[in-house]
Amino acid sequence: MSVTEIISTEPATGAELWRGQIGDAAREVAIARDSWAAWAAQPLAVRVETLRRFANVVRGRLEAFADLIARETGKPLWEARTEVESVINKVDISITAYSDRTAQRRFEGALGAKSAVRHKPHGVLAVLGPFNFPAHLPNGHIVPALIAGNAVVFKPSEKTPASGAFLVECFHAAGVPEGAVRLLIGGPDEGRALASDPGIDGLLFTGSARAGQALHRQFGDMPQKILALELGGNNPLVVWDTPDIASAAVIAVQSAYMSAGQRCTAARRLIVKDGAHDALVEEIGRLIDRIIVDHPHADPQPLMGPVIDNATADQVQERFLDLMLKGGRPIKQMGRPDPALPFLTPALIDVTDIAARPDEEIFGPVLQLIRVPDFEAALAEANNTRFGLSASLVAGDPDLYDRFWGTVRAGVINWNRPTNGAPSNAPFGGIGLSGNHRPSAYYAADYCAYPVTSSEADQPRASIGVGLRE
């Protein structure tokens, strides 16, 4: 029996939140294809002003949008509000970035000719969104794409379709033509159909490394299509010779457990000096014991809500158990207070003695402790991954940070800050299995338009000086 609807439920309660009809990728792409030229023909000032109206629409619906995101993802309401504010702020940042990264340039050429560099939109761009930031992350692709003059077909995650539908409704309410932003509701099949549709000129993806690898293979023989991948990370947090143990512990907790560990920039590995780590581990443990895990609207406000669904909770628990079976020593066990709901308690496990530690992203509240003898070993361990999204060093010595920054391979490298602290007015992306060198955020303008170089003269003026018979 074919499924015709997508149903979204609240992770914190299991209650139905939203349902919608599964869409047709080919139909949505065809509508966008018919519409994009008219949108691209609008002056840049018109497109910019339309996106500014979009920011105002979202601002006017902030509380309703935040409530919906909190219910659909399970993240605390305060965090959902922060996400909606990021959606609003993305507009001005993207306008500035487009002006900076794709500015028109003119310069003098030979024989009085002039040269110019301008940018054109690709056409129709597909956007596949994730569930962890169902508004902010796809919005970070859609807004720059629209500013550049592209049309967009957006498929939100099947786990957060209501948030995606709300986002698209805000674009249309602001005056973005309905044909310029299309919503495709569906699951993996619809995502594959969208990615393979010959009518798209590129795909902008945020999600797992496994899905990103599949897309990279799929697009391997299509160099004419842009592919921008934002993938996951197995991110290291190195704490070394810092006198402020309390702050280091807070940074570790913020890095590992914000959004219930469902951030691509979350710290997965805590690397410490063997024999000098006890005080830090004890302080982290005390903070873990104080973390409030509750539903999004709870009072007092929780630090963590549930993970996205029961299947994810099962998988995270299985990964934690697998680490134990391989020789990991739990310091803080993972708990699941209600087997019928996906609430998980934060876990901390010492995996130093696991001979072949799995290089994978456990997308949940699990932090793995790794003890090393010296800073050179810490640097080697930080790079002991196929991923390369974010990394952070907590240390008081600037020379250590210089060595860390120069050695560690990642797209986001922080000092005395959490691994998941990345400003929106800077590029965001990773290397290795974390991306394909198409950083987003401030640099999203780079993959939303392509440069065109022109040699220009007011009148034709040409001669051939050699190689012709008299």
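A brief structural summary. Everything numeric here is computed off the predicted structure, so don't read it as measured data. (Residues numbered from 1 in each chain as written. Predicted model: local features only at pLDDT ≥ 70, side-chain atom pairs only at ≥ 80, totals over all residues. Heavy atoms only, no water.)

### Structural notes on the overall build of the protein
In terms of helices and strands, the protein carries 14 helices and 19 strands. The C-alpha radius of gyration computed for the protein amounts to 24 Å, which stays within 12% of the reference 23 Å derived for 470 residues, consistent with globular compactness. Its C-alpha atoms put the protein at 90 × 55 × 40 Å along the principal axes. Among the 470 residues that make up the protein, the fraction classed as buried is 56%. Relative to all contacts within the protein whose residues are 6 or more apart in sequence, the contacts with residues 24 or more apart total 71%. Accessible surface computed for the protein: about 20,600 Å², of which carbon and sulfur atoms make up 52%. (Helix = DSSP H or I, 4+ residues; strand = E, 2+ residues; numbered from the N terminus. Rg over C-alpha atoms; globule rule 2.2 N^0.38 Å. Buried < 20%, exposed > 50% of the residue type's maximum accessible area, 1.4 Å probe, protein only. Contact = heavy atoms within 4.5 Å. Areas by Shrake-Rupley, 256 points an atom, 1.4 Å probe, with all protein chains shown as cover.)

### With respect to empty space enclosed by the protein
Leftover empty space is mapped by rolling, across the atoms, a probe with the size of a water molecule. For the structure on display, the rule yields two cavities of 30 Å³ or more. Roughly 80 Å³ of internal volume is contained in the largest cavity. Approximately 50 Å³ is the volume found for the second largest cavity. In terms of lining, the second largest cavity is formed by 14 residues, of which the most central are Pro236, Thr385, Phe387, Gly388 and Arg409. When residues of the lining of the second largest cavity are traced back to their parent elements, those giving at least two are β10 (235–239) and β15 (390–394). Broken down by class, the residue content of the lining of the second largest cavity amounts to seven nonpolar, six polar and one charged. (1 Å grid on protein atoms, 1.4 Å probe; cavity = no way out; pocket = protein on both sides within 12 Å on 5 of 7 lines; lining within 4 Å. Points joined across faces, edges and corners; volume = space filled by probe spheres on them. Nonpolar A, V, L, I, M, F, W, Y, C, P; charged D, E, K, R; others polar.)

### Description of the packing of helix α4 (residues 77–101) against helix α5 (residues 136–148)
Look at α4 against α5: their axes get within 9 Å of each other, and the N-to-C directions meet at 30°. When the axes of α4 and α5 are compared, the pair comes out roughly parallel. Pair α4 / α5 crosses with right-handed handedness. Residue-level inspection shows Glu83, Ser86, Val87, Lys90, Val91, Ser94, Ile95 and Tyr98 of α4 in contact with α5, the latter providing His136, Asn139, Gly140, Val143, Pro144, Ile147 and Ala148. The class makeup of the residues in the contact of α4 with α5 is eight nonpolar, five polar and two charged. (Axes fitted to C-alpha atoms, helices over the stretch in contact; angles between N-to-C directions. Parallel < 35°, antiparallel > 145°, perpendicular 65-115°, else oblique. Left-handed = near helix turned anticlockwise from the far one by under 90°.)

### Some details on the pairing of strand β11 (residues 267–273)
For β11, a buried count of six out of seven residues is recorded, marking the element as mostly surrounded by other parts of the structure. Here four bridges tie β10 to β11, and the two strands are oriented parallel to one another. If you follow proline 236 over to β11, its bridge partner there is arginine 269. Handedness of the crossover is the feature at issue here: the chain leaves β10, passes through helix α9 (residues 245–257), returns alongside β11, and the resulting connection is right-handed. Here five bridges tie β11 to strand β14 (residues 366–372), and the two strands are oriented parallel to one another. Across the sheet, lysine 273 pairs through a bridge with valine 372, a residue of β14. (Pairing = 2+ DSSP bridges. Right-handed = clockwise from strand over helix to strand, strands pointing away.)

### Notes on the pattern of salt bridges
If you walk through the whole model with that rule in mind, you get 33 salt bridges. The salt bridge involving aspartate 67 is made with arginine 71; its shortest N-O contact spans 2.9 Å. Of the two residues, aspartate 67 and arginine 71 are both situated in helix α3 (residues 62–73); the distance of four residues between them amounts to about one turn of the helix. Under the relative-accessibility criterion, aspartate 67 is labelled partly exposed at 25%. We note a salt bridge from arginine 101 to aspartate 446, for which the minimum N-O separation is 2.6 Å. Here aspartate 446 lies in helix α14 (residues 444–448) and arginine 101 lies in helix α4, a separation of 345 residues in the sequence. A relative accessible area of 30% places arginine 101 in the partly exposed class. (Salt bridge = Lys/Arg side-chain N within 4 Å of Asp/Glu carboxyl O.)

### Looking at the pairing of strand β4 (residues 114–121)
The side chains of a regular strand alternate, first on one face of the sheet and then on the other. Direction of pairing for strand β3 (residues 105–108) relative to β4: antiparallel, over a ladder of four bridges. Across the sheet, the residue bridging to arginine 106 is alanine 116, located in β4. In terms of strand pairing, β4 meets strand β19 (residues 449–456) through eight bridges, oriented antiparallel. By the bridge assignment for β19, lysine 114 is matched with glutamate 456.

### What to know about the environment of alanine 211
Relative to the helices and strands, alanine 211 is located in helix α8 (residues 209–218). As for alanine 211 and threonine 453, which are separated by 242 residues in sequence, their C-alpha atoms are 35 Å apart.

### What about the packing of aromatic side chains?
Scanning all chains against the criterion turns up five aromatic pairs. Ring centres 3.9 Å apart and planes at 5° place the aromatic pair phenylalanine 54 and phenylalanine 171 in the stacked group. In this pair, phenylalanine 54 sits in helix α2 (residues 44–60) while phenylalanine 171 sits in helix α6 (residues 161–173), placing the two residues 117 residues apart along the sequence. An angle of 25° between the planes, with centres 4.3 Å apart, marks the rings of phenylalanine 65 and phenylalanine 166 as stacked. Of this pair, phenylalanine 65 sits in helix α3 while phenylalanine 166 sits in helix α6, and the two are 101 residues apart along the sequence. Comparing phenylalanine 65 with phenylalanine 166, the two get one shared label, buried. In this structure, lysine 75 packs its charged tip against the face of phenylalanine 133, placed 3.9 Å from the ring centre. Directly above the aromatic system of tyrosine 443 lies the positively charged group of arginine 101, at a separation of 3.6 Å from the ring centroid. (Phe/Tyr/Trp six-rings, centres within 6.5 Å; stacked < 30°, edge-to-face > 60°. Lys NZ or Arg CZ within 6 Å of the ring centre and 35° of its normal.)

### What about the environment of threonine 345?
Within the fold, threonine 345 resides in the loop between β12 (329–332) and β13 (347–350). Using a relative accessible area of 26% as the deciding quantity, one classes threonine 345 as partly exposed. Residues threonine 345 and proline 330, spaced 15 residues apart in sequence, show a C-alpha to C-alpha distance of 13 Å. Filtering out sequence-adjacent residues up to four positions away, threonine 345 remains in contact with Gln333, Met334, Gly335, Pro337 and Pro365. A polar contact is formed between the side chain of threonine 345 and the backbone nitrogen of glycine 335, at a distance of 2.6 Å. (Polar contact = N/O pair within 3.5 Å; in protein donor to acceptor, adjacent residues only side chain to side chain.)

In short, the description is geometric, and any link to function would need to be established separately.
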